[in-house]
Amino acid sequence: MDKILEGLISSDHAVPVKRAIVKKVVEAAEKEVTEEQCQALFTLTTRLILLGEDAFQKQVGFQVLEAYARYHRPAFERFFSKDFVLSLLQQGYGQLERKDPATIDYIHCCLRLLISCPSVLEIFSVIQVEVLRMVCERPEPALCARLSTMLSDFVQCIPKDKSGILFCQQLVRTISYFHCFASQEQELTDYIEQVTKVSTLLQNIWKTDSDTLLPSLQEVFAIISSTDPSYDPSITLASLVQHIPVRMITVLIKSLTTDQNVKDASMTKALCRMIDWLSWPLAQHVDTWVIALLRGLAAVQKFTILIDVTLLKIELVFSRLWYPLVRQGALAVLSHMLLSFQHSPEAFHLVVPHVVHLVRSLRTDGLSTSKAFLLQFTELIHCMMYQYSGFPDLYDHILEAIKDLPKPGEEKIKLVLNQSAWTSQSNSFGSGPLRQVGKSETGKTGLVNLGNTCYMNSILQTLFMATDFRRHVLSLRLNGSNTLMKKLQLLFAFLAHTQRAAYAPRNFLDASRPPWFNVGSQQDCSEYLRFLLDRLHEEEKTLQVLNSAKPKVASPVDPSSTDSTGQTSPEEGEESPLTPAETKPEDNRTLTEKMFGGKLITGICCMQCNSISEKEEPFTDLSLAFCPSATSQDGPQPEGPFEEPKILCQGSVNGGSEIPEPGSAKAPTSNVHFVPVANEPPLSVPDLVNYFLAPEILDEENAYFCEKCSSLQRAERTMKVVSAPEYLILTLLRFSYDAKCHVRRKILDNVTIPPLMRLPVHNPSKPSVCSSSTSSPLQVDSPESSENLAKKLKPSQKDEEEDENERIHGAEQIYRGGEMLVQSVPYVLSSVVMHSGISSESGHYYSYGHNINGADGTQHPANCFALKEDLGNGQAESSLSTCSALPIPPEQGVTTSTIGQEAKDWLLFNDSRVTFTSFQSVQNITNRFPKDTAYVLMYRKQELPGQNINGGLMANGMRLSAEPPLQKELLDAIIKDNKLYLQVNTPILLPDRGNIFKLSLSVNRTNKCRRHVK
């Protein structure tokens, strides 16, 4: 029979004929056959199955084998012995290798035929040993899948006890070696099916023998935590996660995170690889395990691991959102990573560039689930933009893309933000430097956030953009000193000439931080500015006193330093040798006073005896309060429709802080409420200045004690600016404490910022009664000043303005009752510091700076013309005795032809980021981002040719015509740092010292600078 069958298979007959004859052979199996014939048939069919040339031969082999094995089982038992099975598994069959999947299929088929025979038990014991050996040899996915199918059908072949544990561990490790390099869809589908079969086998073993589960999971962790760079475990391990009981997650994660033997590097690797598992399709609970491990690490304060992994993998997690099969789990992990990483915006900003593209894709992919997913995704994005507010250049295009989608309410956002923040458990670290990608196209240098130091960075960039102040600081001769001014000079030099995209001002932070500022905590930038200017002023005053007590030859000024005319500096120690000749020699004011110092006269007139007491006080900034009627919470609120609330009363809620205060995430939301404001036109900066200068009636509890009347009397207090500073600093008092609500609040009112403004300055006559001031020459109107906060607007200010005295020809000055000469001093906006957030203890600061391109830093001639023209014919519109905005000349407006240039007129400084922007963006920022409000403004005085203010001192007398040359000490420090930077970032340039020198400076120096280098 075997000869007939073999001849038939190799003949040229048609397949239907062959099938008919094979059928006859199969039917003949019921008849009696000799032992020799059976063995011959079993041998032939085995050869056809294992070595058949085509599928027909293999099929015939299986049909005949099954038929004769069923009817002649004893003979088949003798043929398919344990020795034969062992030979197949160890040596293969003929040309067929032992690792060929066909071998396992053949054994699987034979086991089904012998399942009821006693001899099969011996075969099972052989297979138990051999399958353990096979998995230790790391079989390919196809063979492993066939083996898993056979073991799933014949569980008796699975190793038991210790061998069973070892088998599971080795099978897990085998899975970690699976890799698929196929690109065809069918091949990928087959690969996934093969992996699924293997993972299903492990699931069945774990269910049957629970003792194998924990060792298997330990093996999984050992694999994914390996730090061997040559070993990259397959993501197919993700297929095992769905088979691990969810109830075990807590116990297992706690065991892992508290194990002292697990090193941080191993834990980091493990977490990274688990995140990679999100790419495996059809795997369930991967996101649950990843989030559980993230929480477990946060519980044991492994924050370094969390930070490193988040920054490394956040973009990969985001990329999984593009694939419908895995996007839901990826979104869960992405949400947890972003919502827990609340100490810095860096992680969120890594994915920001991809948000708009994903939103567009979700809108157009046509999937029924995409709409609901888009709503979940945009809710997360809204929460993150709320948390990390203060980056309008990054978020504006996102807002445009999702403007028609629902926006979650503020209470919902706060609830979401407070759910997962692991950084709220520790305030011991702040945000590190963002990844540098080279200097921005602006050519300007950012400042690295050293841990909640945006308050300092924004102020330093504002001072740097104050052209005259910067030039005077850089021109000072301070060689060998260790003063704060010297550190500021070095900082300005680096900002101007470093090759780095962002400079880390660590030394300056340590030297300038107020003693009461907690390290790593958010602070008030205006408070820091006052402290900084006060320190610089007092330091210079001290040096002046010390120098005055020494002989003149002992001046700290470098004797070799001379100005362009060859004359030594008229100032001792601090003033630049390039100070223009117009500066008066007897002027002993400090640089702080010259640049930012102004003077106010506060007058109080007794309404009983008309006696007047006046006091002159210096200032470096004016603190502008909002009108109490606009922010009052007393009395019932009017009913009816309102604008969106603008005033926020808040407790210790983290409203977008870089690092929230301890316990802030747990604050009750009931402490946060809005006070609606009626629909009124927005305030402007001149409005607030006029409110500051408006007369105030002192009566009742605030009555004035008149020395002449010797009693408390009703009086009128007035404030007048009598000396205009070169740079006018205005602080908007947005933060206050509400005694009734027992909460701090921020006033979110939008304030219009004019680019050009004029300030009324009074030249004083001799007062009736005058008491001199002995206070510090710095700010006298603090945010808590009762003088400022208690002011009330005049009942009808507009009417009073219309009834003021006519001005004399020229419009620069008026006389009022022969007492005061009022001059209208024009100012142009230089910088704006923005606060993003809802609390002074939290939020984020960034600044806008006017990018002055002129060589001397002066205002464009068109603007000067506009100022002069407005001063000459604008009397009918506003009084010179009040502050008012000036119109922008048409040629300076935004037109189609100047849009490109307009976009570069202003710079946005946001810690390490520096980007071009426009003044239109500055004006619209609060409308676009309601939490982003102007806080500190700096205006630069503009004077027309021939105009004389402040006792004959010309404005240009305080201004240097160009950037001063770098002194040798500063130049050497910059070159040294640039070389160090270039060694790390551009090693190809190292051999060429000339290139290093050129790149180190990258500035236009004068011949004097080159002499310093020599």
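Since the structure is predicted, the reported quantities are computational estimates derived from the model, not experimental observations.

Draft legend 1. Spotlight on the overall build of the chain. Check the secondary structure of the chain and you find 38 helices and 25 strands. Of the contacts formed within the chain by residues at least 6 apart in sequence, a portion of 78% connects residues at least 24 apart. Element-wise, carbon and sulfur atoms account for 53% of the exposed surface of the chain, whose accessible area totals about 45900 Å².

Draft legend 2. Structural detail: the packing of helix α15 (residues 264-276) against helix α16 (residues 286-299). Interhelical geometry of α15 versus α16 gives an angle of 155° and a closest axis separation of 9 Å. In terms of their interaxial angle, α15 and α16 are classed as roughly antiparallel. Where α15 crosses over α16, the two elements pack in a sense that is left-handed. Contacts from Met 267, Leu 271, Met 274 and Ile 275 of α15 reach α16 at Val 286, Trp 289, Val 290, Leu 293, Leu 294 and Leu 297. Counted by class, the contact of α15 with α16 contains 10 nonpolar, no polar and no charged residues.

Draft legend 3. Broad picture of the nonpolar core. Counting 192 residues, the largest nonpolar core has Phe 80, Tyr 106 and Leu 111 as the members making the most contacts within it. Apart from residues lying up to four places away in sequence, Leu 111 is in contact with Phe 80, Val 120, Ile 123, Phe 124, Ile 127, Met 150, Phe 154 and Cys 157. Counting residues in each nonpolar core, the second largest holds 53 residues, with Met 456, Leu 478, Phe 494 and Ile 974 among its members.

Draft legend 4. Up close: unusual backbone geometry. Even without being glycine, Asn 452 reaches a positive phi, approximately 60°. With respect to the secondary-structure elements, Asn 452 resides in the loop between β1 (446-447) and α23 (454-464). At Ser 710, a position not held by glycine, the phi torsion is positive, near 55°.

Draft legend 5. Structural context of the packing of aromatic side chains. Evaluation of the coordinates by the stated rule reveals 29 aromatic pairs. When the ring of Phe 42 is compared with that of Phe 76, the centres are 5.1 Å apart and the planes differ by 70°; the resulting orientation is edge-to-face. In this pair, Phe 42 is assigned in helix α3 (residues 35-51) and Phe 76 in helix α5 (residues 73-79), connecting sequence segments 34 residues apart. For the residue pair Phe 42 and Phe 76, the accessibility class agrees, reading buried in each case. Ring centres 5.3 Å apart and planes at 75° place the aromatic pair Phe 735 and Tyr 935 in the edge-to-face group. Of this pair, Phe 735 sits in strand β14 (residues 735-738) while Tyr 935 sits in strand β25 (residues 932-941); the two residues are 200 residues apart in sequence, bridging distant segments of the chain. Judged on exposure class, the residue Phe 735 and its partner Tyr 935 are both buried.

Draft legend 6. Geometry of the pairing of strand β12 (residues 715-723). The pairing of strand β3 (residues 598-606) with β12 spans 8 bridges and is classified as antiparallel. Counted as the bridge partner of Cys 605 is Glu 716 from β12. Relative to β12, strand β9 (residues 696-698) runs antiparallel, the two being bridged by 3 bridges. Within β12, the residue paired with Leu 698 across the bridge is Ala 715.

Draft legend 7. Structural detail: the confidence of the model for the chain. Averaged over every residue, the pLDDT of the chain is 77; residues scoring 70 or more account for 74%. Below pLDDT 50 for its whole length, residues 631-678 participates in 126 contacts with residues either more than four positions away or in separate chains. Every residue in residues 948-956 scores below 50 in pLDDT, and together they form 18 contacts with partners more than four places removed in sequence or on other chains.

Draft legend 8. Looking closely at helix α18 (residues 327-340). An ideal rise of 1.5 Å per residue puts 20 Å on 14 residues; α18 measures up with 20 Å between its terminal C-alpha atoms. Within α18, 12 of the 14 residues are buried, which leaves it mostly tucked inside the rest of the structure. Among the residues of α18, Arg 327, Gly 329, Ala 330, Leu 331, Val 333, Leu 334, Ser 335, His 336, Met 337, Leu 338, Leu 339 and Ser 340 are the ones counted as buried. In this structure, the buried residues of α18 make contact with α15, α16, α17 (303-319), α19 (346-364), α20 (370-387) and α22 (410-417).

Draft legend 9. Layout of the pattern of salt bridges. Within the structure shown, the criterion is met by 29 salt bridges. Glu 969 is the partner of Lys 486 in a salt bridge, and the nearest nitrogen-oxygen pair spans 3.2 Å. Of this pair, Lys 486 sits in helix α25 (residues 484-497) while Glu 969 is found in helix α36 (residues 968-985), placing the two residues 483 residues apart along the sequence. For Glu 969, a relative accessible area of 36% gives the class partly exposed.

Draft legend 10. α15, seen in detail. A rise of 1.5 Å per residue sets the reference length of α15, with its 13 residues, at 18 Å; its end C-alpha atoms lie 18 Å apart and thus fit the reference within 8%. For α15, a buried count of 10 out of 13 residues is recorded, marking the element as mostly surrounded by other parts of the structure. Taken together, the buried positions of α15 are occupied by Ser 266, Met 267, Thr 268, Ala 270, Leu 271, Cys 272, Arg 273, Met 274, Ile 275 and Asp 276. Next to the buried residues of α15 lie α12 (213-224), α14 (249-257), α16, α17 and α18.

Draft legend 11. Representation of the environment of Lys 904 in the model. Considering the arrangement of structural elements, one finds Lys 904 in the loop between α34 (899-902) and β23 (906-910). Looking at Lys 904, the relative accessible area reads 42%, which means it is partly exposed. Taking the C-alpha atoms as reference, Lys 904 lies 5.3 Å from Phe 916; in sequence the two are 12 residues apart. Not counting chain neighbours up to four residues away, the residues in contact with Lys 904 comprise Asn 851, Phe 916 and Thr 917.

Draft legend 12. Highlighting the side chain of Asp 621. As for its position among the elements, Asp 621 is in the loop between β4 (612-619) and β5 (622-624). A polar side-chain atom of Asp 621 sits 3.3 Å from a polar atom in the side chain of Arg 530.

Draft legend 13. Spotlight on the pairing of strand β21 (residues 844-850). Most of β21 sits out of view: 7 of its 7 residues are buried. Along β21, one buried face is formed by His 844, Tyr 846, Tyr 848 and His 850 and the opposite face, lined by Tyr 845, Ser 847 and Gly 849, is buried too. Pairing analysis gives 4 bridges linking β21 to β23, with the strands arranged antiparallel. Bridged to Tyr 848 within β23 is Leu 908.

Draft legend 14. Main features of the packing of helix α10 (residues 161-176) against helix α11 (residues 185-208). Relative orientation of the contacting elements α10 and α11 amounts to 155°, with a least axis distance of 11 Å. Of the possible angle classes, the one that applies to α10 and α11 is roughly antiparallel. The chirality of how α10 crosses α11 is left-handed. Together, Phe 167, Cys 168, Leu 171, Val 172 and Ile 175 of α10 and Val 198, Leu 201, Leu 202, Ile 205 and Trp 206 of α11 make up the contact between the two elements. Considering only residue class, the contact of α10 with α11 consists of 10 nonpolar, no polar and no charged.

Draft legend 15. Inspection of the environment of Val 685 at higher detail. As for its position among the elements, Val 685 is in helix α30 (residues 685-693). With 72 residues separating them along the chain, Val 685 and Met 757 place their C-alpha atoms 8.8 Å apart. With near-sequence residues (within four places) excluded, Val 685 lies in contact with Leu 730, Val 751, Thr 752, Ile 753, Pro 754, Met 757, Leu 937 and Tyr 939.

Draft legend 16. Layout of the side chain of Gln 57. Note that Gln 57 resides in helix α4 (residues 55-71). Judged by relative accessible area, Gln 57 falls into the buried class, the value being 11%.

Draft legend 17. Spotlight on the state of the cysteines. The final tally for this structure, using the stated rule, is 0 disulfides. Note on Cys 109: no disulfide assigned, nearest cysteine sulfur contributed by Cys 110 at a separation of 5.4 Å. Residue class for Cys 109 comes out buried when judged on its relative accessible area of 2%. No disulfide involves Cys 706; its sulfur sits 3.6 Å from the nearest other cysteine sulfur, which is in Cys 609.

Procedures and definitions
Residues numbered from 1 in each chain as written. Predicted model: local features only at pLDDT ≥ 70, side-chain atom pairs only at ≥ 80, totals over all residues. Heavy atoms only, no water. Helix = DSSP H or I, 4+ residues; strand = E, 2+ residues; numbered from the N terminus. Contact = heavy atoms within 4.5 Å. Areas by Shrake-Rupley, 256 points an atom, 1.4 Å probe, with all protein chains shown as cover. Axes fitted to C-alpha atoms, helices over the stretch in contact; angles between N-to-C directions. Parallel < 35°, antiparallel > 145°, perpendicular 65-115°, else oblique. Left-handed = near helix turned anticlockwise from the far one by under 90°. Nonpolar A, V, L, I, M, F, W, Y, C, P; charged D, E, K, R; others polar. Core = buried A, V, L, I, M, F, W, Y, C linked by side-chain atoms within 4.5 Å. Buried < 20%, exposed > 50% of the residue type's maximum accessible area, 1.4 Å probe, protein only. Phe/Tyr/Trp six-rings, centres within 6.5 Å; stacked < 30°, edge-to-face > 60°. Pairing = 2+ DSSP bridges. pLDDT = per-residue confidence, 0-100. Expected span 1.5 Å × (residues − 1). Salt bridge = Lys/Arg side-chain N within 4 Å of Asp/Glu carboxyl O. Polar contact = N/O pair within 3.5 Å; in protein donor to acceptor, adjacent residues only side chain to side chain. Disulfide = S-S within 2.5 Å.

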